[in-house]
Amino acid sequence: MNQNLKEKIMESLSSVLPITAIVILLGMFLVPMPAGTLIMFLIGALMLIVGMGLFSLGVDISMMPMGDGIGEKMSQSKRMWWVAIVCFVIGIIITIAEPDLQVLANQVTAVPNMTLILTVAAGVGAFLVLSFLRTILKIPLHFVLLTFYVAVFVLAFFVPDNFISVAFDSGGVTTGPITVPFIMALGIGLASLRGDSHSEEDSFGLIALCSIGPILAVLILGICFRPEDSAYAASELLQVETTQDAWWQFLHEVPEYLKEVATALAPIMGFFLLFQLFTRKFRKRQLVQMAMGIVYTYAGLVLFLTGVNVGFMPAGQYIGQELAKLPFNWIIIPIGMIVGYFIVKAEPAVHVLNKQVEEITGGTISQKAMFRSLSMGVAVSLGLAMVRVLTGISLLWFVLPGYALALGLSFVVPRIFSAIAFDSGGVASGPMTATFLLPFAMGACQALGGNILTDAFGVVAMVAMTPLITIQLLGLSYKIKTRGAEETRDHALLPDDDEIVDYEEGVA
């Protein structure tokens, strides 16, 4: 086996094992699971491990160099209008390619699928243009974020209540395993040629802004479309009784995901081929390497998406439903927090982000510190999401103060931590959130007789919000420690009082 692939699979094994162990323990002691559901979950976990390994390796040798090269060429161009058009087209292409957006669109029955998808894609495209202009013009990220999040919450008051969750969830689902590697590499390429003191921190922030675009676009759609009867159509979960039925379920779904991932990657590959044709940026050897990387990426995404959708979704909904039926159903809050803490490590795009953060910062912000901060953030978000399921408190009561705190912190922490934090929010709310955490909340809400639309949905938005705070708190801690170390060093360099007296007497 290729040594790099072996390392990637071992990394994914260590990421998926904790959540697998938690589900098995819950099935043994609190919520006994049907044998078929458990077998499907275990098969799904195995597919996740192999899929994440292949995907991570593929991204390293294909998507990242591709986005980096395109970003460099764009930043060299003096025709801003042409670059803006290219950014807009890229934003639309990669958004339509994102599998999670297709899932969300299928669940929103009040708006035609293509209407919602094109609205979200237009939002991403517009804000990718804005991101490029911000990077080139060196506009501080926190001012841009403050401006547009104020616009988001102002618009939210004019949108039907049932549509608010759709808007906020759309911001999370657009930054998934296809979008994140490409946009991150694009940002690094755009900022790399500047070479000034802020180019490093401006490598981040594209994902943050591209998460706002869909929220604003869908809120505007909600005002114009007025979908008063908006609702989610929960997908029916199949019940399997035997191991043979479980295997056949996976075999039945694999062709669908082979087609879905091919459809998703094809526009990106087409755009890259046009880019290579006109620029000759990459040499033949690099192109061969990148082609192999695309194969790894394709195979990894097929395995990953099949595993989470077929194996993890039924388990998540079943566990949430059974926990909510317990006499002490409040236990769903701490269990949700434990699940949230470990499940974020199984998000493929999180590994991509953390690796890039460590490389760009020269190890100052380690992958370990990033994982810890993200895990704590998602744990808090799941705990709060379960409080919403149990009590029915409106989503706005959580996201409004949460974003206010996050935006406030962006003015006091080092700028690079704010950029990384707001990128992390979109990255954390990936396929695992849509296919395990959301069904987990839906199952609990259904068992409690709550309103799934207003009480369960919004989990994606919560998961996207809390890392903004925890990673900026990491930055605040780093700032305090750095300042303390500098003061200690300066104090050590100063002579004490006796030395000053002796020096003055000697001079006299």
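Every chain is numbered independently, its residues counted from 1 as its sequence is written. The predicted nature of this model means local features are confined to residues of pLDDT at least 70 and side-chain atom pairs, given and counted, to a pLDDT of 80 or more, with totals for whole chains, interfaces and linings taken over all residues. For the side-chain quantities, the full set of heavy atoms in the structure was used; hydrogens and water were omitted.

Here a strand is any run of E in DSSP of at least two residues, a helix any run of H or I of at least four, and the numbering for each starts at the N terminus. Regarding its fold elements, the protein presents 20 helices and zero strands. Relative accessibility decides the category of a residue: with a 1.4 Å probe and only protein chains considered, values under 20% of the type maximum give buried, values over 50% give exposed, and everything between is partly exposed. Here the protein, with 508 residues, has 56% of them falling under the buried criterion. At a minimum sequence separation of 6, the contacts of the protein that also span at least 24 residues come to 86%. With an accessible surface of roughly 21,000 Å², the protein has 65% of that area assigned to carbon and sulfur atoms. Residue contacts follow a heavy-atom distance rule, with two residues in contact if any of their heavy atoms lie within 4.5 Å. Surface accessibility in these figures is a Shrake-Rupley result with a 1.4 Å probe; residues are shielded only by whichever protein chains are displayed.

With that settled, the discussion passes to the packing of aromatic side chains. Only the six-membered ring of Trp is used, alongside the rings of Phe and Tyr, when aromatic pairs are assigned; centres must lie within 6.5 Å, and planes under 30 degrees apart are stacked while those over 60 apart are edge-to-face, with the rest tilted. A full pass over the atoms with the stated rule returns 12 aromatic pairs. On the basis of an interplanar angle of 80 degrees and a centroid distance of 5.5 Å, the ring pair of F143 and F411 is categorised as edge-to-face. Note that F143 is positioned in helix α6 (residues 141–156) and F411 in the loop between α15 (396–409) and α16 (415–428), a separation of 268 residues in sequence. The class of F411 is partly exposed, set by a relative accessible area of 39%. Between F417 and Y478, the aromatic rings sit 5.4 Å apart at their centres with planes inclined by 40 degrees, giving tilted as the arrangement. Pair noted here: F417 is in helix α16 and Y478 is in helix α19 (residues 459–493), with a separation of 61 residues, a long-range link. Note on F417: relative accessible area 3%, which makes it buried. Each residue in the set Y149, F153, F168, Y403 and F422 is aromatic and connected to the rest through ring pairs, giving one cluster.

Further remarks concern the side chain of S375. With respect to the helices, strands and loops of the structure, S375 is situated in helix α14 (residues 367–391). Two N or O atoms count as a polar contact when they lie within 3.5 Å, although within protein this holds only if one can serve as hydrogen donor and the other as acceptor, and sequence-adjacent residues are included solely when both atoms are side-chain atoms. A distance of 2.9 Å separates a polar atom in the side chain of S375 from the backbone oxygen of Y341. With sequence-adjacent residues up to four places away left out, S375 is seen in contact with G340, Y341, V344 and K345.

Helices are assigned an expected span. That span is 1.5 Å times one less than the residue count. Under the 1.5 Å per step criterion, the end-to-end length of helix α11 (residues 284–325) is 60 Å for 42 residues, consistent within 8% with the ideal 62 Å. Across the chain, bend at a residue is computed as the angle between axes fitted to the seven residues ending at that point and the seven starting from it. At F312, α11 shows its largest kink, close to 40 degrees, and the proline P314 lies no more than four residues downstream.

Take the packing of helix α13 (residues 348–360) against α14 next. Angles shown run from 0 to 180 degrees and are taken between the N-to-C directions of axes, each axis being a line fitted to C-alpha atoms and, for helices, limited to the stretch in contact. Running from amino to carboxyl end, α13 crosses α14 at an angle of 135 degrees, the nearest separation of the two axes being 9 Å. By the angle class used here, α13 and α14 are oblique. Read as a crossing pair, α13 and α14 show a hand that is right-handed. Judged by residue contacts, V350, H351, L353, N354, K355, V357 and E358 of α13 engage Q367, M370, F371 and L374 from α14. Side-chain classes are defined by residue name, with Ala, Val, Leu, Ile, Met, Phe, Trp, Tyr, Cys and Pro counting as nonpolar, Asp, Glu, Lys and Arg as charged, and the others, Gly among them, as polar. Taken together, the residues of the contact of α13 with α14 sort by class into six nonpolar, three polar and two charged. Angles are sorted into four bins: roughly parallel if under 35 degrees, roughly antiparallel if over 145, roughly perpendicular if 65 to 115, and oblique for all others. Handedness of each helix crossing follows the sense of rotation of the near helix against the far helix: counterclockwise by less than a right angle gives left-handed, clockwise gives right-handed.

Another point: the pattern of salt bridges. What counts as a salt bridge is simple: a side-chain nitrogen of Lys or Arg found within 4 Å of a carboxyl oxygen of Asp or Glu. Applying the stated rule across the entire model yields three salt bridges. Between D60 and K8 there is a salt bridge, with its nearest N and O atoms 2.7 Å apart. In this pair, D60 sits in helix α2 (residues 35–76) while K8 sits in helix α1 (residues 3–29), placing the two residues 52 residues apart along the sequence. K325 is the salt-bridge partner of E322, the closest N and O atoms lying 3.5 Å from each other. Of the two residues, E322 and K325 are both situated in helix α11; the distance of three residues between them amounts to about one turn of the helix. Connected through shared salt-bridge partners, K8, D60 and K355 make up one network.

Moving on, we come to the nonpolar core. By size, the foremost hydrophobic cluster in this structure holds 164 residues, and its most contacted members are I70 and F168. In terms of residues, this core owes the most to one element, α2, which gives 17 residues. Not counting residues within four places of it along the chain, the set of residues in contact with F168 comprises V152, F153, I215, L395, L396, V399, Y403 and A461. Definition of nonpolar core: a set of buried residues of the types Ala, Val, Leu, Ile, Met, Phe, Trp, Tyr and Cys, connected through side-chain atoms within 4.5 Å.

Attention now moves to a nonpolar patch on the surface. Here, patches come from residues exposed beyond 30% relative accessible area and free of salt bridges, joined within 9 Å for like charges and within 5 Å for nonpolar side chains (Val, Leu, Ile, Met, Phe, Trp, Tyr). Taken together, the side chains of F143, L146, V150, V154, F157, F158, L400, F411 and V412 define a hydrophobic patch exposed on the protein surface, amounting to about 830 Å² of accessible area. Broken down by element, the nonpolar patch gets its largest block of residues, four residues, from α6. Along the polypeptide, V154 turns up in helix α6.

This part takes up α16. The end-to-end C-alpha distance of α16 is 20 Å, a good match for the 20 Å that 14 residues give at a rise of 1.5 Å each. With 13 of its 14 residues buried, α16 lies for the most part within the structure.

Disulfides are defined in this document as cysteine sulfur pairs within 2.5 Å. Taken as a whole, this structure holds zero disulfides when the rule is applied. C210 takes part in no disulfide bond, and the closest cysteine sulfur, belonging to C87, lies 9.0 Å away. A relative accessible area of 1% means that C210 is categorised as buried.

This part takes up the confidence of the model for the protein. Across the protein, the average pLDDT comes to 83, with 89% of residues at 70 or higher. Averaged pLDDT values for the elements of the protein fall to 46 in helix α20 (residues 497–507) and rise to 94 in helix α12 (residues 332–343). For every residue, the predictor assigns a confidence score, pLDDT, that lies between 0 and 100.

With that settled, the discussion passes to the packing of α2 against α13. α13 packs onto α2 with a crossing angle of 50 degrees between their chain directions and a minimal axis gap of 10 Å. Considering their axes alone, α2 and α13 lie oblique with respect to each other. Every pair of crossing elements has a handedness; the one defined by α2 and α13 is right-handed. Taking contact as the criterion, the partners of M52, F55, V59, D60 and M64 in α2 are, on α13, P348, H351, V352, K355 and Q356.

So, on to the environment of R388. For R388, the position within the fold is in helix α14. What makes R388 buried here is its relative accessible area of 0%. With 69 residues separating them in the primary sequence, R388 and F457 have C-alpha atoms 9.7 Å apart. The residues contacting R388, other than those within four sequence positions of it, are I393, S394, L395, F398, T454, D455, A456, F457 and G458. Looking at R388, its side chain comes within polar contact range of the main-chain oxygen of F457, at 3.2 Å.

Mapped onto the elements of the fold, I480 is located in helix α19. Considering only alpha carbons, one finds I480 and V413, 67 residues apart in sequence, at a separation of 9.6 Å.

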